[in-house]
Amino acid sequence: SQQGEEDPQALSIQEGENATMNCSYKTSINNLQWYRQNSGRGLVHLILIRSNEREKHSGRLRVTLDTSKKSSSLLITASRAADTASYFCALNDRGSTLGRLYFGRGTQLTVWP
Amino acid sequence: EAGVAQSPRYKIIEKRQSVAFWCNPISGHATLYWYQQILGQGPKLLIQFQNNGVVDDSQLPKDRFSAERLKGVDSTLKIQPAKLEDSAVYLCASSLAVNQPQHFGDGTRLSIL
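Since the structure is predicted, the reported quantities are computational estimates derived from the model, not experimental observations. Note on numbering: residues in each chain are counted from 1, in written sequence order. Just so you know, chain letters begin at A and ligand numbers begin at 1, following the order they were written in. For a predicted model such as this one, the threshold for reporting local features is a pLDDT of at least 70, and the threshold for listing and counting side-chain atom pairs is 80 or more; totals across whole chains, interfaces and linings nevertheless cover every residue. By convention in this description, side-chain values take in all heavy atoms of the structure and omit both hydrogens and water.

Asker: Would you mind going over the packing of aromatic side chains with me for this structure?
Answerer: How two aromatic rings sit relative to each other is set out by the distance from centre to centre and by the angle between their planes. Aromatic pairs are defined between Phe, Tyr and Trp rings, using the six-membered ring for Trp, whenever the two ring centres lie within 6.5 Å; interplanar angles under 30 degrees are classed as stacked, those over 60 as edge-to-face, and all others as tilted. In total, this model carries eight aromatic pairs over all chains according to the counting rule given. On the numbers, 6.3 Å between centres and 80 degrees between planes, the contact of Phe103 of chain A with Phe104 of chain B is edge-to-face. Of the two residues, Phe103 of chain A sits in strand S10 (residues 101–103) while Phe104 of chain B sits in strand S10 (residues 103–104), which places them in two different chains. In this pair, the class of Phe103 of chain A matches that of Phe104 of chain B, namely buried. Plain terms: the ring middles of Phe65 of chain B and Tyr90 of chain B are 6.4 Å apart, the flat faces sit at 40 degrees to each other, and that makes the pair tilted. One end of the pair, Phe65 of chain B, is in strand S7 (residues 65–69); the other, Tyr90 of chain B, is in strand S9 (residues 88–95), with 25 residues separating them in the sequence. A residue is classified by how much of its surface remains accessible, and Phe65 of chain B, at 4% relative accessible area, is buried. Secondary structure elements are defined from DSSP: runs of H or I of at least 4 residues count as helices, runs of E of at least 2 residues count as strands, and each element is numbered from the N terminus. Each residue is assigned to one of three classes by its accessible area relative to the maximum for its type, calculated with a 1.4 Å probe on protein chains only: buried under 20%, partly exposed between the two thresholds, exposed over 50%.

And the structure:
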């Protein structure tokens, strides 16, 4: 399968806590991307990490990639209620030259005030 | 910059009827994507355009779905005739080029009665 699998399916935390979501996959990738989707809205791109990169940061977001274990993690530090959303990892398969993305089922994050 | 615009936001039709969705991508974005997102799942690519040419329609049910991108800008996705299993959110996305982050519209929620 070319899509990733996010874990956990659902995560519920208090404001101020950190949230960690994981993505495992089976294929070889060019890059892996994380997207956020608020209820009833489209997806928003968060971070792109290439296969030769191990870690990237963007504000309160930290993404790691371990290609030997075929896994990635998204860490949101000091979570806020506004971070409540579904988070998806999307794989850009190494066999694709068209940039096609394969999305997992996502992790539903709920941050309680 | 203005985001990806989609219309309508909601559509309810009966099975065997036809329906069309419209998408206006971000100005200057050469690549346009249509995704189907079934409740509880991640988006699944239906078709990808590069300028006004189709580069990937391998997952498009061509017996009932069609899409076009006029003059390399706006795009329409049509379903005729609709089936119950077509109930989903249809998302349009665009990117500057392949392998670049994708920008999503808010989608059209289609319900088939």
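Asker: Any chance you could explain the pairing of strand S5 (residues 43–50) of chain A here in plain terms?
Answerer: The side chains of a regular strand alternate, first on one face of the sheet and then on the other. Residues and elements named next belong to chain A. Any two strands with at least two DSSP-identified bridges between them are counted as paired. Examined bridge by bridge, strand S4 (residues 29–37) and S5 share seven bridges and lie antiparallel to one another. From the neighbouring strand, Gln37 faces S5, where its bridge partner is Leu43. The hairpin turn running from S4 into S5, its antiparallel successor, is five residues long, and Gly40 in that turn takes a positive phi close to 75 degrees.

Asker: Sorry if this is basic, but what is going on with the state of the cysteines here?
Answerer: Simply put, disulfide is the name for a covalent bond between the sulfur atoms of two cysteines. Count a disulfide wherever a pair of cysteine sulfur atoms falls within 2.5 Å. Per the stated rule, a full pass over the model turns up two disulfides over all chains. Disulfide pairing places Cys23 of chain A opposite Cys89 of chain A at an S-S distance of 2.1 Å. One disulfide, between Cys23 of chain A and Cys89 of chain A, carries an S-S torsion of 60 degrees and so falls in the right-handed class. Of the two residues, Cys23 of chain A is situated in strand S3 (residues 19–24) and Cys89 of chain A in strand S9 (residues 85–93); the sequence distance between them amounts to 66 residues. The disulfide bridge from Cys23 of chain B ends at Cys92 of chain B, spanning 1.9 Å between sulfur atoms. Negative torsions about the S-S bond denote left-handed disulfides, and the value of about -70 degrees found for Cys23 of chain B with Cys92 of chain B makes this one left-handed.

Asker: Looking at this structure, I do not really get the sheet that holds strand S7 (residues 61–66) of chain A. What am I missing?
Answerer: Paired through their backbone hydrogen bonds, the strands of a sheet run either parallel or antiparallel. Residues and elements named next belong to chain A. Strand order in this open sheet of five strands is S1-S3-S8-S7-S6, and the pairing throughout is antiparallel. Looking at the sheet topology across the chains shown, the edges are occupied by strand S1 (5–7) and strand S6 (55–58). When strand polarity is set aside, the average angle formed by the axes of neighbouring strands in this sheet is 15 degrees. Axes here refer to lines fitted to C-alpha atoms; in helices the fit is confined to the stretch in contact. Angles between the N-to-C directions go from 0 to 180 degrees.

Asker: Explain the environment of Ala93 of chain B to me, please; I cannot follow it from the model alone.
Answerer: Residue and element names in this part refer to chain B. Within the secondary structure layout, Ala93 lies in strand S9. Sequence separation between Ala93 and Leu77 is 16 residues; the distance between their C-alpha atoms is 13 Å. Not counting residues up to four positions away in its chain, the partners in contact with Ala93 are Thr31, Leu32, Tyr33, Tyr35, Gln102, His103 and Phe104. Working rule for contacts: check all heavy atoms of both residues, and any pair within 4.5 Å makes them a contact.

Asker: Quick question: what am I supposed to make of unusual backbone geometry here?
Answerer: One can expect most non-glycine residues to show negative phi and most peptide bonds to be in trans. The amide bond that connects Ser7 of chain B to the next residue, Pro8 of chain B, takes the cis arrangement and shows omega of -10 degrees. One non-glycine residue, Ala78 of chain A, lies in the positive phi region at around 50 degrees. Secondary-structure assignment places Ala78 of chain A in the loop between strand S8 (71–76) and S9. On the basis of relative accessible area, Ala78 of chain A is assigned to the partly exposed category, the value being 38%. Positioned with a positive phi, Asn51 of chain B is a non-glycine residue whose angle comes to about 55 degrees. In this structure, Asn51 of chain B sits in the loop between strand S5 (44–50) and strand S6 (53–56). In this structure Asn51 of chain B comes out as partly exposed when scored by relative accessible area, which is 41%.

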